[in-house]
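Summary of structural features
As a plain string of letters, each chain reads:
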Amino acid sequence: MTTSAAAASPSPSSSSPSSPVPTSASSLLEPVEQLRVLVADLDLPLDASGADRARAERDQLLAQLDDYLLPRLRRLDAPLLAVVGGSTGAGKSTLVNSFVGRQVTTSGVLRPTTRYPVLVHSPADAAHFLSDAVLPGLARTTGSDVPDPTHPSVAGAKGLRLVEVEHLPAGLALLDAPDVDSVVESNRDLAVQLLGAADLWLFTTTAARYADAVPWEVLRTATERGTAVAVVLDRIPPEALAEVRTDLARMLAEAGLKAAPLFTIAECSLEAGLLPRAQMAPLRRWLAGISVDARSRDVVVRRTLSGALVSLATRVPRLADAADAQDAEERSLLADLHGAYADATEGLQDHLSDGTLLRGEVLARWQEFVGTGELFASLQAGVGRVRDRIAAAVRRKAPPADRLGEALVTGVAALVIDAAGSARQNALLRWRARPSGAAVLANAPDGASDPQLRDGFTADVERLVRDWQQHVLDLVRAQGEGKRSRALFYSLGVSGAGAVLMLVVFAASAGLTGAEAGIAALTAALAQRVLEAAFGDQAVRQLAAAARADLIARVEALLDDEQHSLAQLLPERLGTQHGEAEIGSQLRQAAAAVARAGDVGRGSAA
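Residues numbered from 1 in each chain as written. Predicted model: local features only at pLDDT ≥ 70, side-chain atom pairs only at ≥ 80, totals over all residues. Heavy atoms only, no water.

It is worth spelling out the overall build of the protein at this point. Helices and strands together make up the secondary structure of the protein, namely 19 helices and 8 strands. A burial count over the protein gives 51% of its 606 residues as buried. Sequence-distant contacts in the protein: of pairs separated by 6 or more residues, those separated by 24 or more amount to 81%. Accessible area for the protein stands at about 26,400 Å²; split by element, carbon and sulfur atoms hold 51% of it. (Helix = DSSP H or I, 4+ residues; strand = E, 2+ residues; numbered from the N terminus. Buried < 20%, exposed > 50% of the residue type's maximum accessible area, 1.4 Å probe, protein only. Contact = heavy atoms within 4.5 Å. Areas by Shrake-Rupley, 256 points an atom, 1.4 Å probe, with all protein chains shown as cover.)

Now the structure itself:
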């Protein structure tokens, strides 16, 4: 059984834009193109709050810029594209076939053309749709030449199948889109992309599905972006037509679509797979009227174009906010990294001056160096007397300076390696505590996020400390030249004086307690006096300060390199290099430029 279809207002509805598109779109083209460059360059790689939603918004905006806004701005008089979209089983393909009067698209959930939806057009518009003027990212096929989606060469590909229909009026094309609630994610994404390219969306639903959440979510998105919308309510039991239509009209009004044309098609038997002509007559007349009436067509095109442009005022700032969130997350990750290495560096500096090194092997070699058998027993007699006895001893035989120097070098290297390992592990722990940092480490190249120090790091540290030791020897050699007390300097030797100077550098005792602290203090005082006898107290202070500063600088440079290698795991993002404005600011400025260009164009048209 069939009933007559009914239609509402002759004009499609959309969320009302604040103002129309100017007569000439030339003033808008350049700023929209510049905005498109920024949106394409926008990278949101970090798992900051809302990043997934922002990535989807970026992809959808970029698709609409490429598929609709820029092509339409370049040619306002291009054919109008009406996309037939809706939920699974809504009868979209049957509607398109019935409109053109023959089978041009295959109905059914599992149809093989899902990833190559059908675009029906007049022969007069063939050149336009064969070109990349609309939906440039989709491949074109014609007629029944549909690629096998299971073939490896086209697996995952997306495209359009173009079908010419002789009696279809020029200036109007219909596109049968995949289901917006398809169980296949790629089909849902393609449906959203096609809807973003539409001048007009024919929202198709049924009496059983008209309240489903997913299609309404997509519908609200379309209206927020200003897309002109008409609604086709299909497969309505005749006895429920008035009730269902009233309820759907209420829902449309609540969604801001009170003026949207509403076409109803009663449940009926198909005729050769097509809806009866009487059922299709109101919709066919309405669409034909838009295509042949330049003013009606212009109203639809400009309403959708203006709505899309106006929507940029809210969509682009949301992307800018997401970019700002990425910048903030990146700064937080870098702060975690810097903090971990700063803590390790500070701790290392403390250990290099708090007497930690003056124990164990170093202390034993120092005692050996100064002749320990009598040294500490004589300390009660005064440091000055001990200093004189040391001087006398070293004149008689060369002290074992090399063993003392080796012990110091080994001890310093161990402290640096420990500090570097602690810094790396703490940095990785801090990153793993953040979703963004955990994702960065999960995607890092093999070994890059290993908590263990890299191969070769120990050798680099040993080389660094030995280079520093050589620098200390160069300092004492230069200082010893021309000194009045050259005899003592010569008796110590360059290696002996250098070893004693290294000892002075590490001579404070803040990190030791009890007997160790006393021994360290006496050792430090003794080493200080020995050098003062050779160089003088002022020179010793200067030498110790210079040697310590050089060691810290070398260690900091090494740890900075290690820190930098971890920082390199973070993605490089636009607008953070070379003093450029951050990408969020650039996006806001680009959106403002589009708005200004629209105002200028409207003023010129006026």
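This part covers the pattern of salt bridges. When the charged atoms of two side chains with opposite charge come close together, those side chains can pair. Summed over all chains, the structure comprises 28 salt bridges. As a salt-bridge pair, R209 and D181 come within 2.9 Å of each other at their nearest N and O atoms. Residue R209 is found in the loop between β6 (200-206) and α6 (213-224), and its partner D181 is found in the loop between β5 (172-176) and α5 (185-196); the two are separated by 28 residues along the sequence. In this structure, the salt-bridge partner of D324 is R588, at a minimum N-O distance of 2.5 Å. Here D324 is found in helix α9 (residues 294-351), whereas its partner R588 is found in helix α19 (residues 583-605), with 264 residues between them in sequence. Given the relative accessible area of 24%, D324 is considered partly exposed. (Salt bridge = Lys/Arg side-chain N within 4 Å of Asp/Glu carboxyl O.)

Okay, the nonpolar core next. Formed by 61 residues in total, the largest nonpolar core has its most connected members in L352, V412, W431, F506, L531, F535 and L551. Considering each element in turn, this core owes the most residues, 14 residues, to helix α13 (residues 401-432). L138, L162, A198 and F203 belong to the second largest nonpolar core, which has 40 residues in total. (Core = buried A, V, L, I, M, F, W, Y, C linked by side-chain atoms within 4.5 Å.)

A separate point is the packing of aromatic side chains. All chains considered together, the criterion is met by 3 aromatic pairs. For the pair F203 and W216, a centre-to-centre distance of 6.0 Å together with 80° between the ring planes defines the contact as edge-to-face. Of this pair, F203 sits in strand β6 while W216 sits in helix α6, and the two are 13 residues apart along the sequence. Classification of W216 as buried rests on a relative accessible area of 4%. Ring pairing ties together the aromatic residues W201, F203 and W216, which thus form one cluster. (Phe/Tyr/Trp six-rings, centres within 6.5 Å; stacked < 30°, edge-to-face > 60°.)

Along the polypeptide, V134 turns up in the loop between α4 (126-130) and β3 (139-142). According to the relative accessible area criterion, V134 is buried, its value standing at 8%. Remark: the alpha-carbon pair of V134 and L69, spanning 65 residues in sequence, is separated by 9.5 Å. Contact partners of V134, with chain neighbours within four places excluded, come to D67, P71, L81, H128, F129 and R140.

A few words now on the packing of α9 against helix α18 (residues 537-567). Packing of α9 against α18 leaves a shortest axis separation of 11 Å and a crossing angle of 155°. The angle between α9 and α18 falls in the class roughly antiparallel. Regarding α9 and α18, the two cross each other, and that crossing is right-handed. Taken together, the residues of α18 that come into contact with α9 (itself represented by L334, L337, H338, Y341, T345, L348 and Q349) are R548, I552, V555, E556, L559, E562, Q563, L566 and A567. Among the residues forming the contact of α9 with α18, the class breakdown is 9 nonpolar, 4 polar and 3 charged. (Axes fitted to C-alpha atoms, helices over the stretch in contact; angles between N-to-C directions. Parallel < 35°, antiparallel > 145°, perpendicular 65-115°, else oblique. Left-handed = near helix turned anticlockwise from the far one by under 90°. Nonpolar A, V, L, I, M, F, W, Y, C, P; charged D, E, K, R; others polar.)

For strand β1 (residues 80-86), the buried fraction is high: 7 of the 7 residues fall into the buried class. By the alternation rule, side chains of β1 split into L80, A82, V84 and G86 and L81, V83 and G85, which are all buried. Relative to β5, β1 is paired through 5 bridges, and the arrangement is parallel. Residue pairing in the sheet places L80 in a bridge with L172 of β5. (Pairing = 2+ DSSP bridges.)

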